[in-house]
Amino acid sequence: MALANVLGFKSNNEFDRSLQCQKTDNNIDEFCPTLNIENIAQFITLPPYADPAKYLKMVNEKVDRVKIQFLKGTTTLAFKFRNGVIVAVDSRATAGGFIASGEVKKVIEINPYLLGTMAGGAADCAFWERVLARHCRIYELRNKEKISVAAASKILANMIFEYRGMGLSMGTMIVGWDKRGPGLYMVSDDGERISDNIFSVGSGSIYAYSILDAGYKYEMSTVDAIDLARRAIVHAAHRDAASGNIVRIYHMKETGWEKIEEKDTNDYMYQYRDEKTMNF
Amino acid sequence: MAGEYDTAITVFSPDGRLFQVEYAQEAVKKGSTAVGVRGKNIVVLGVEKKAVAVLQEDRTVRKICVLDDHVAMAFAGLTADARVLMHRARIECQSHRLNVEDPVTIEYITRFIADLQQKYTQGRGRRPFGLSTLIVGFDYDGTPRLYSTDPSGTYHEWKANAIGRQAKTVREYLEKAYTETIYESTHESIKLCIRALLEVVQSGSKNVEIAVMARHKPLKTLSAEEVEKYIAEIEKENEIEAEKKKQAKQIGGTSTTAPTLTTQTSKKE
């Protein structure tokens, strides 16, 4: 496992995933002391149960009236068109009915030519996409060429798959431009990795899809594409309680990504109502 | 605990050399010769075919092996070590295709093989691989490549190279004979490889094995007839050269040139 490897833990038994530290002289890491059963509690907080997969299954399936549902309260979308890829996200973070933040950055800038979106657990997305950034950089140094979007998304999907069933919650889209042209992959916590022209992830995706499917044409101009993406997020922000606040739009070009804008969805709503282009 | 530290075989000598690696290179020098040539649109591998015992089945292409559709490898040295290395390289080619959704670049697989050879010079209780390899192929952007590794784990890219028995002689010949015109022509590249091999091997198609790979095509072993055609052409060219040199001697009187191709061919026969 990626996280366990970083800390120097190896599990001998494939079926018994309890952690056993096996640091040998082969990987001397001066920043990480030799961890063992005695001193481990000082350095990392271990969950109070041995088998995460088994425990979470219990909690998900409503044993003793306890049910933790991992909702992806957000709207993120991305679509390919003739001039690259447009990525648009909202910025609201909710915990049940409480709006925790209205300024979350749901687009993660992995490197100047790769973007990742965040849906589900913010920590999961942010952490694993940073690990992905590290892998991408090492690939670039070793092979003297930029990593392809297919390879980057596959690295992420393989990392996530190792933790399948253990409570990761991510619905992320990997966007980039490589030798083969614009690339768009959706990677999710159940190990799914698919490529398509249009994706939207989150509780507000149903509203975003309706706008996207109605107005999408591959031959759109850049201005039209940005407008379509904007309208889709604004519509989702209007109808979905868990989406809203600020809309952020990025454009992935051959030379890398460019941030187009970040404006308030409310202002756009009033603008569209006045222009009579949408019925708000 | 003590057992982990005192089983190393490859350790430094007082003057900073790794003797085990050098002994491995000696083993390579005993192996049969292999030559590689890189042309603009073709890569060629040629190996010396050792005579087989009377009762043994003659299996062709044992020394040249395919690592993937677009990569081939020839080696000089211990055959058993080569088999193991080849197996690992083949798995790595497929692993790369699975993880990165792209075929390996020749540099990548060469680096993998070289890393593996290096690992065994630093391992506990393990001896280095006793072989050098020649790795040829085309990257997916169409660039032809020829790389060579050796038991120490270093690798270099070459335009033409030879490994194994009398490799130095062959390499010196290649340095003299390799030109831009040969690089441009498929026919000439193949002929150069055969010529280089014939420097140290007895002339005849049953003593050499030639394999060629063109862009986006699989490895093709030349049949005995095709090799004979090239050899016939080479011998005719040698005769013409010999005639020219004889005439020049008669006209000019003094000959200041070094031993020519003629004397070398006559020595072989």
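The following paragraphs examine the structure supplied in this document.

Reading the values: rules and limits
Residues numbered from 1 in each chain as written. Chains lettered and ligands numbered in written order. Predicted model: local features only at pLDDT ≥ 70, side-chain atom pairs only at ≥ 80, totals over all residues. Heavy atoms only, no water. Contact = heavy atoms within 4.5 Å. Buried area = accessible area lost by both parts, 1.4 Å probe. Salt bridge = Lys/Arg side-chain N within 4 Å of Asp/Glu carboxyl O. Polar contact = N/O pair within 3.5 Å; in protein donor to acceptor, adjacent residues only side chain to side chain. Helix = DSSP H or I, 4+ residues; strand = E, 2+ residues; numbered from the N terminus. Nonpolar A, V, L, I, M, F, W, Y, C, P; charged D, E, K, R; others polar. Buried < 20%, exposed > 50% of the residue type's maximum accessible area, 1.4 Å probe, protein only. Expected span 1.5 Å × (residues − 1). Axes fitted to C-alpha atoms, helices over the stretch in contact; angles between N-to-C directions. Parallel < 35°, antiparallel > 145°, perpendicular 65-115°, else oblique. Phe/Tyr/Trp six-rings, centres within 6.5 Å; stacked < 30°, edge-to-face > 60°.

**Thoughts on the interface of chain B and chain A**
Often, the extent of an interface is quoted as the loss of accessible area on bringing the components together.
Reasoning step 1: In this complex, chain B contributes eleven residues to the contact, which on the side of chain A involves 16 residues.
Reasoning step 2: Of the roughly 990 Å² buried between chain B and chain A, counting both surfaces, carbon and sulfur atoms make up 28%.
Reasoning step 3: Viewed at the interface, chain A and chain B are joined by three salt bridges.
Reasoning step 4: Summed over the shared surface of chain B and chain A, the result is nine residue pairs in polar contact (both at pLDDT 80 or more).
Reasoning step 5: Within the residue set of the side of chain B that touches chain A, elements represented by two or more residues are helix H2 (79-100) and helix H3 (106-119) of chain B.
Reasoning step 6: Taken together, the residues of the side of chain B that touches chain A break down into five nonpolar, one polar and five charged.

**Concerning the environment of Thr179(B)**
All names here are of chain B.
Reasoning step 1: Checked against the element boundaries, Thr179 lands in the loop between helix H4 (167-177) and helix H5 (180-184).
Reasoning step 2: Using a relative accessible area of 33% as the deciding quantity, one classes Thr179 as partly exposed.
Reasoning step 3: Each C-alpha atom of the pair Thr179 and Gln250 lies 29 Å from the other, and the pair is 71 residues apart in sequence.

**Points about helix H5 (residues 149-161) of chain A**
A turn of α-helix holds 3.6 residues, and therefore any two residues three or four places apart point the same way.
Reasoning step 1: When the terminal C-alpha atoms of H5(A) are compared, their 18 Å separation across 13 residues agrees well with the 18 Å that a helix rising 1.5 Å per residue should span.
Reasoning step 2: Burial runs high along H5(A): ten of the 13 residues are buried.
Reasoning step 3: When we look at burial in H5(A), the residues that qualify are Val149(A), Ala150(A), Ala151(A), Ala152(A), Ser153(A), Lys154(A), Leu156(A), Ala157(A), Met159(A) and Ile160(A).
Reasoning step 4: In this structure, the buried side of H5(A) is in contact with strand S8 (114-117), helix H4 (122-143), strand S9 (171-178), strand S10 (181-188) and strand S11 (193-195) of chain A together with H2 of chain B.

**Here we look at the side chain of Ser132(B)**
All names here are of chain B.
Reasoning step 1: Along the chain, Ser132 falls in strand S5 (residues 131-138).
Reasoning step 2: Relative accessible area serves as the criterion here: at 7%, Ser132 is assigned to the buried category.
Reasoning step 3: When near neighbours in sequence (up to four residues on either side) are disregarded, Ser132 contacts Val28, Ala74, Phe75, Ala76, Thr149, Asp150, Pro151 and Ile163.

**Some words on the packing of H5(A) against H2(B)**
Packed helices, taken two at a time, are described by their axes: the angle between them and the distance between them.
Reasoning step 1: Running from N to C, H5(A) and H2(B) cross one another at 90°; their axes reach a closest spacing of 8 Å. With respect to their mutual orientation, H5(A) and H2(B) come out roughly perpendicular. Listed contacts from H2(B) to Ala151(A), Lys154(A) and Asn158(A) of H5(A) are Leu98(B), Asn99(B) and Val100(B).

**Some points on the packing of aromatic side chains**
Reasoning step 1: Taken as a whole and judged by the stated rule, the model has nine aromatic pairs over all chains.
Reasoning step 2: Ring centres of Tyr268(A) and Tyr272(A) lie 5.9 Å apart, and the angle between their planes is 20°; on these two criteria the pair is classed as stacked. In this pair, Tyr268(A) and Tyr272(A) are both assigned in helix H8 (residues 265-275), four residues apart and thus about one turn of the helix distant. Accessibility assignment for this pair places Tyr268(A) and Tyr272(A) in one class, buried.
Reasoning step 3: Seen from their ring centres, Tyr120(B) and Phe129(B) are 4.7 Å apart, and the 50° between their planes marks the pair as tilted.
Reasoning step 4: Among the aromatic residues, those joined into a ring-pair cluster are Phe79(A), Phe81(A) and Tyr216(A).

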